[in-house]
Amino acid sequence: MYSKNNSTTSVYLNQLFVWFGLVILSGLSVVLAGLDLGKALPFIVLVIAAVQVYVIARAFMNIRPSDKIAKVFIGISGLILAVSLLLVVA
Amino acid sequence: MSITENQANNVGENNSGISSGMWLLLFLELVVFGGLFTSFFVFRMLHPGDFLIASKQLSPLLGTLNVILLLTSSLTIVLSAASLEGKRTSLAVFFQFATVLFGLFFLINKFYEFTANSYFGFYPDSAEMAKRPDAQSVFCWLYYMVSGLHIFLVIIGLVVVGWKIVSTLKGRIIEESDRDAESAALYWNSLTVLGVIIFSVFYLIG
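Computed from a predicted model, the values in this text were never measured in an experiment.

1. Observations concerning unusual backbone geometry
Residues and elements named next belong to chain B.
- Non-glycine residue lysine 87 carries a positive phi angle of around 60 degrees.
- You can see lysine 87 is positioned in the loop between helix H4 (60-85) and helix H5 (89-119).
- Unlike most non-glycine residues, aspartate 125 shows phi in positive territory, near 65 degrees.
- Within the fold, aspartate 125 resides in the loop between H5 and helix H6 (127-131).

Have a look at this one:
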């Protein structure tokens, strides 16, 4: 029982750390948006957003890249991200 | 075996346990929003100056608050699913209530934001937008279309989580219910993903 409670608590703590990391990444995006980064800004902000999405998918949604269905989602999302990145640097 | 290991080992089963209807819904979300965001970037490439000016109408502060509310609601829905797996019913219900609360705060914040925007005439087909270049109207239309659809999905999510609270309170902590919790968490987290992208694209990149 003690071990089960202990493990559950560690799950909670892990998720809390993930949440904190995601909030920090959002804050980083806001800070960077306030700086004069010129044409690099949209690219950097999109990359940070992509990292956030990946972390949410892995840690919160329990999606494994090796799953067949996940591969479809990753493929389409990757394509949309690639097109978006091309359009912001164009 | 610890709960963490158990969860990790069950991920494949959980994913396969999630109904194909849920995956279809997520796929539709991906296609619809993917199309809208791609349209945004095409118009932005053609009219970067106008998009930048139009994006200044949006408050990064309120946008940041929205993202933090959604991220926190994602944390609570995940903790709720973990609590259900650990058979901690009361804690699971507490986290489900917290999710609904953060979701409602998100809607209130959005309502406040839209009201503030309308005060400055920043809404589709307003007299103010009619005076501006067409590209700024396109930004405005895309923003309200994407945000409106997102809000609609959040309202559905609140109903789903509310239904989960009722079923948990009724004590239906059975395997099927655990899978329902996993599906509800998956759906809610997809809304957070959308929130993060909307914030980055419309508020920060503009």
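2. Remarks on H4(B)
Residue and element names in this part refer to chain B.
- The first and last C-alpha atoms of H4 sit 37 Å apart over 26 residues, in line with the 38 Å expected at 1.5 Å per residue.
- Of all the 26 residues making up H4, 21 are buried; the element is thus mostly covered by neighbouring parts of the structure.
- Two residues or fewer past H4, lysine 87 is found with a positive phi of approximately 60 degrees.

3. Here we look at the side chain of Ser83(B)
- Within the element layout of this structure, Ser83(B) appears in helix H4.
- Ser83(B) gets classed as buried once you look at its relative accessible area, which sits at 0%.
- A distance of 2.7 Å separates a polar side-chain atom of Ser83(B) from the backbone oxygen of Leu79(B).
- When neighbours within four sequence positions are excluded, Ser83(B) is seen to be in contact with Tyr12(A), Arg88(B), Leu91(B), Ala92(B) and Phe95(B).

4. Structural notes on empty space enclosed by the protein
Residue and element names in this part refer to chain B.
- Considering all chains together, one arrives at three cavities of 30 Å³ or more under this definition.
- In this structure, the second largest cavity occupies an estimated 70 Å³ of space.
- If you trace the second largest cavity, you find it lined by Gly63, Asn66, Val67, Phe106, Lys110, His150, Gly195, Ile198, Phe199 and Tyr203.
- If you list the elements that add at least two residues to the lining of the second largest cavity, you get H4, H5 and helix H8 (175-205).
- The element best represented in the lining of the second largest cavity is H8, accounting for four residues.
- Looking at side-chain class alone, the lining of the second largest cavity contains five nonpolar, four polar and one charged residues.

5. So, the layout of surface pockets
- Of the pockets and cavities examined, the largest pocket occupies roughly 860 Å³.
- What lines the largest pocket is a set of 31 residues, among which Val53(A), Ser77(A), Leu30(B), Val193(B) and Ile197(B) lie closest to the centre.
- Those elements that provide at least two residues to the lining of the largest pocket are helix H2 (40-60) and helix H3 (68-89) of chain A together with helix H2 (20-46) and H8 of chain B.
- Tallied by class, the residues present in the lining of the largest pocket amount to 24 nonpolar, five polar and two charged.
- Looking at the second largest pocket, its volume works out to about 500 Å³.
- Lining the second largest pocket we find 25 residues, and of these Leu41(A), Arg44(B), Leu52(B), Leu204(B) and Ile205(B) sit closest to its centre.

6. Details of a nonpolar patch on the surface
Residues and elements named next belong to chain A.
- Taken together, Phe43, Val47, Val51, Leu86 and Val89 make up a surface patch of nonpolar side chains, about 410 Å² in accessible area.
- Breaking the nonpolar patch down by element, the ones donating at least two residues are H2 and H3.
- Residue contributions to the nonpolar patch peak at three residues, all from H2.
- Along the chain, valine 47 falls in helix H2.

7. Here's the deal with the pattern of salt bridges
Residue and element names in this part refer to chain B.
- Taken as a whole and assessed by the stated rule, the structure comprises three salt bridges over all chains.
- With a shortest N-O distance of 3.5 Å, lysine 110 and glutamate 113 are connected by a salt bridge. Remark: glutamate 113 and lysine 110 occur in helix H5; sequence separation between them is three residues, near one turn of the helix. The same class applies to lysine 110 and to glutamate 113, which are both buried.

Definitions and limits used
- Residues numbered from 1 in each chain as written.
- Chains lettered and ligands numbered in written order.
- Predicted model: local features only at pLDDT ≥ 70, side-chain atom pairs only at ≥ 80, totals over all residues.
- Heavy atoms only, no water.
- Helix = DSSP H or I, 4+ residues; strand = E, 2+ residues; numbered from the N terminus.
- Expected span 1.5 Å × (residues − 1).
- Buried < 20%, exposed > 50% of the residue type's maximum accessible area, 1.4 Å probe, protein only.
- Polar contact = N/O pair within 3.5 Å; in protein donor to acceptor, adjacent residues only side chain to side chain.
- Contact = heavy atoms within 4.5 Å.
- 1 Å grid on protein atoms, 1.4 Å probe; cavity = no way out; pocket = protein on both sides within 12 Å on 5 of 7 lines; lining within 4 Å.
- Points joined across faces, edges and corners; volume = space filled by probe spheres on them.
- Nonpolar A, V, L, I, M, F, W, Y, C, P; charged D, E, K, R; others polar.
- Patch = residues over 30% accessible without salt bridge, like charges linked within 9 Å, V, L, I, M, F, W, Y side chains within 5 Å.
- Areas by Shrake-Rupley, 256 points an atom, 1.4 Å probe, with all protein chains shown as cover.
- Salt bridge = Lys/Arg side-chain N within 4 Å of Asp/Glu carboxyl O.

By themselves, these observations are geometric and do not establish any function.
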